[in-house]
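A closer look at the structure
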Amino acid sequence: MVVHVVSYALMYKQGACHLATAALVTSFSTLFFQLFVDTKNVKEGIMVISFTPLDSSRSIAALKQQYLNSLVAPMDGMWESAIIGNANNWAIHYEGKVVGYFCTDEESRLLQFYIMPPYQSHYRTIFAQLIEQIGISSAFASTIEPLYLSLCLDFHNKVHVKNYLFTDLHAVQLPPFALQPVIFRLASHDELTHLERFYKENIEGDGSWIHDFLQERISQMQLYALYHDDTLLGTGECIESKTQPPYADIGIVVNKQFRNRGIGTYILNRLKHQCYKSSLKPICSCTAENIASRKAIEKAGFVSYHRILEIFF
């Protein structure tokens, strides 16, 4: 169901501008000629751009896959599922055709922007009107999406790093683990209540998502637990991407009472091993302010070639 459509029309008619000099008139005419010369559906020099909110992403599923295929590196799985998966989707219309899409969150921050290649010559005009008409004041963009990031930087006032995106660089030989004996194994449904309490005690946030998340991870055999005797030292997630094979997102939660003892790096290496046994390529991420996680990830042999940036217009 279409709620409303935001439209913008750019109009130019020869001789309608009153510039001070003939040279400026010529320059102005040339600019619009270049803008419209390769556009088949231009009528009387009018280019119409509109943005339509969508009830779901089903109608733009093919465009979203094109977007994923255009990335220079894999997208973080948590970002794709938790952030983009719950975003508001909009279709971009150019001359009556759907030529792209974008996503926003509940605060009208831009999360994703994609234009089909045949229409990318108009990307800057479309992007400028999107910001103006939708009232976008900030965006999240990453270095894995060069066109979108470049557009954001064209209009930015300030920018800062939000997340580090990691890919595995090499295997790491770890020294003997200090706590022995330890058991690293798949988690079971019998542990769900215990694991749910563990997550709530060792991560930030309201935790409303934890029960369903853990239940799914256990059902999919994607959650591992590290025990020393009866003490749960930490957990590890290994989630195979459904849209970006052969990548798998790995993540950890470490018991607060046992942090800074190499447990995070140990679990990450065990998760890497599980990935490679299944012919998967591990990736992971952390927030820029989480220095401890970044160090643990780097010690496990990962390197961050890419960032997610928060950009203000």
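A short tour of the structure in this document, coming up. (Residues numbered from 1 in each chain as written. Predicted model: local features only at pLDDT ≥ 70, side-chain atom pairs only at ≥ 80, totals over all residues. Heavy atoms only, no water.)

**Points about empty space enclosed by the protein**
One pass over the full model with this rule turns up 1 cavity of 30 Å³ or more. Of the volumes computed, that of the largest cavity is approximately 80 Å³. In this structure, the largest cavity is lined by 13 residues; those nearest its centre are Met75, Trp79, Ser142, Glu145 and Ile308. Of all elements in the fold, only strand E5 (110–115) and strand E6 (138–142) reach the threshold of two or more residues within the lining of the largest cavity. When residues in the lining of the largest cavity are grouped by element, the largest group, 3 residues, is from E6. In terms of residue class, the lining of the largest cavity is built from 9 nonpolar, 2 polar and 2 charged. (1 Å grid on protein atoms, 1.4 Å probe; cavity = no way out; pocket = protein on both sides within 12 Å on 5 of 7 lines; lining within 4 Å. Points joined across faces, edges and corners; volume = space filled by probe spheres on them. Helix = DSSP H or I, 4+ residues; strand = E, 2+ residues; numbered from the N terminus. Nonpolar A, V, L, I, M, F, W, Y, C, P; charged D, E, K, R; others polar.)

**A closer look at the packing of aromatic side chains**
The final tally for this structure, using the stated rule, is 16 aromatic pairs. Judged by centre distance (6.2 Å) and plane angle (45°), the ring pair of Tyr101 and Tyr114 falls under tilted. Here Tyr101, found in strand E4 (residues 97–104), pairs with Tyr114, found in strand E5; they are 13 residues apart in sequence, far enough to count as distant. With relative accessibility at 7%, the residue Tyr114 sits in the buried group. Seen from their ring centres, Phe127 and Phe313 are 6.2 Å apart, and the 85° between their planes marks the pair as edge-to-face. Taken together, the residues Phe127 in helix H4 (residues 123–134) and Phe313 in the segment after strand E13 (302–312) connect sequence positions 186 residues apart. Three or more aromatic residues joined by ring pairs make a cluster, and in this case those are Phe113, Phe127, Tyr148, Phe155 and Phe313. The ring of Phe302 is capped by Lys272, whose NZ or CZ atom sits 5.3 Å from the centre of that ring. Here the guanidinium or amino end of Arg294 rests over the ring plane of Tyr164, the centre of that ring lying 4.9 Å away. (Phe/Tyr/Trp six-rings, centres within 6.5 Å; stacked < 30°, edge-to-face > 60°. Buried < 20%, exposed > 50% of the residue type's maximum accessible area, 1.4 Å probe, protein only. Lys NZ or Arg CZ within 6 Å of the ring centre and 35° of its normal.)

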